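Chain by chain, the residues run as shown.
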Amino acid sequence: MFGLLAWSLLCLMPGIASSFPDDAPKVELALYYESLCPDCQLFIRQQLYPTYLKVSDIINLTLVPYGNAEERKIGDKWVFQCQHGPKECEGNLIETCAISLLKDISASLPFVYCFEKNIEGSEEPTTVAQSCAKSLKIDYDSIEACVSGPLGNELEHKMAAMTDALEPQHQYVPWVTVNGKHTEKIQNMAQRNLLKLVCEYYTGPKPKDCEKQEFGRCYKKVFPLIELKKALRVAAPVSELH
């Protein structure tokens, strides 16, 4: 009897049911990008960061700043060549070190967002990074030591290895994977509406921001009879009204 009563209460009060712990796995979202790519900057600013702020509880986010770069080993050091030049390699390295040292993506993503938002039009990645670290109250000295030392070099090599291990191999950046998979359908939806994509892939109870999603559809408007008559009068030729 008690069990039946409890079940009835849950049915009548969905708010109670939704407050119970949810065992649904988080959506594994990964972004492969490079720091000075304009399309990557746009994606981070307009899709990734706003989506994470809304539904971070259902996302396990991985950032891989390497992109279309190439690497080769000279002696005991990895040397990187980046699509947008040495400044991009520096930006990639700064972000890689920040991601590694800050550990928590909720701390490193705001730094990456700030960097990508402000690097456009700037000549010096270090200056932008220092400014972002200061505004976010992040110790930049440790990031700088990582960038200039063997730790940063090895960390960036790991980003290269993660990128090279993609199947299928990436053909462009930004390159998005969801739960380890990449398709053109996933990519196109991610760049149009990442929030919608994440919400669709999440199998647990949807967060409120998922429920607020609006789809691009023009629905029929049902006119009340009086409004319909008015519309017909306006549309009718003057001769028909007499």
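Source: prediction; values computed, not measured.

Side note on the pattern of salt bridges
1) Next: Applying the stated criterion to the full structure yields one salt bridge.
2) Next: A salt bridge links K87 to E124; the shortest N-O distance between them is 3.3 Å. Within this pair, whereas K87 is found in helix α4 (residues 86-102), its partner E124 is found in the loop between α5 (105-118) and α6 (125-135), the two being separated by 37 residues in sequence.
3) Next: Judged by relative accessible area, which is 33%, K87 ranks as partly exposed.

Quick word on the confidence of the model for the chain
1) Next: Model confidence for the chain is summarised by a mean pLDDT of 87, while 79% of its residues fall at 70 or above.
2) Next: The low-confidence segment residues 1-21, where pLDDT is below 50, has three contacts with residues more than four positions distant or belonging to other chains.

A closer look at the pairing of strand β5 (residues 175-178)
1) Next: The two faces of β5 match: W175 and T177 on one face and V176 and V178 on the other face are all buried.
2) Next: Pairing between strand β1 (residues 27-33) and β5: four bridges, direction antiparallel. Within the sheet, the bridge partner assigned to L31 lies in β5 and is V176.

Here is what the cut-offs are and how they apply
Along each chain, residues carry numbers from 1 onward, in the same order as the chain's sequence is written. Side-chain atom pairs in this predicted model are given and counted only at pLDDT of 80 or more, local residue features only at pLDDT of at least 70, and totals for whole chains, interfaces and linings cover all residues. Note that the side-chain values use all heavy atoms of the structure and ignore hydrogens as well as water. The term salt bridge refers to a pairing of a side-chain nitrogen on Lys or Arg with a carboxyl oxygen on Asp or Glu at a separation within 4 Å. Each helix is a run of DSSP H or I of at least 4 residues and each strand a run of E of at least 2, with the numbering of both proceeding from the N terminus. Accessibility here uses a 1.4 Å probe with only protein chains present; expressed as a share of the type maximum, an area under 20% marks a residue as buried, one over 50% as exposed, and anything in between as partly exposed. Known as pLDDT, the predictor's confidence for each residue is given on a scale from 0 to 100. In what follows, a contact means two residues having at least one pair of non-hydrogen atoms within 4.5 Å. For two strands to count as paired, DSSP must find a minimum of two bridges between them.

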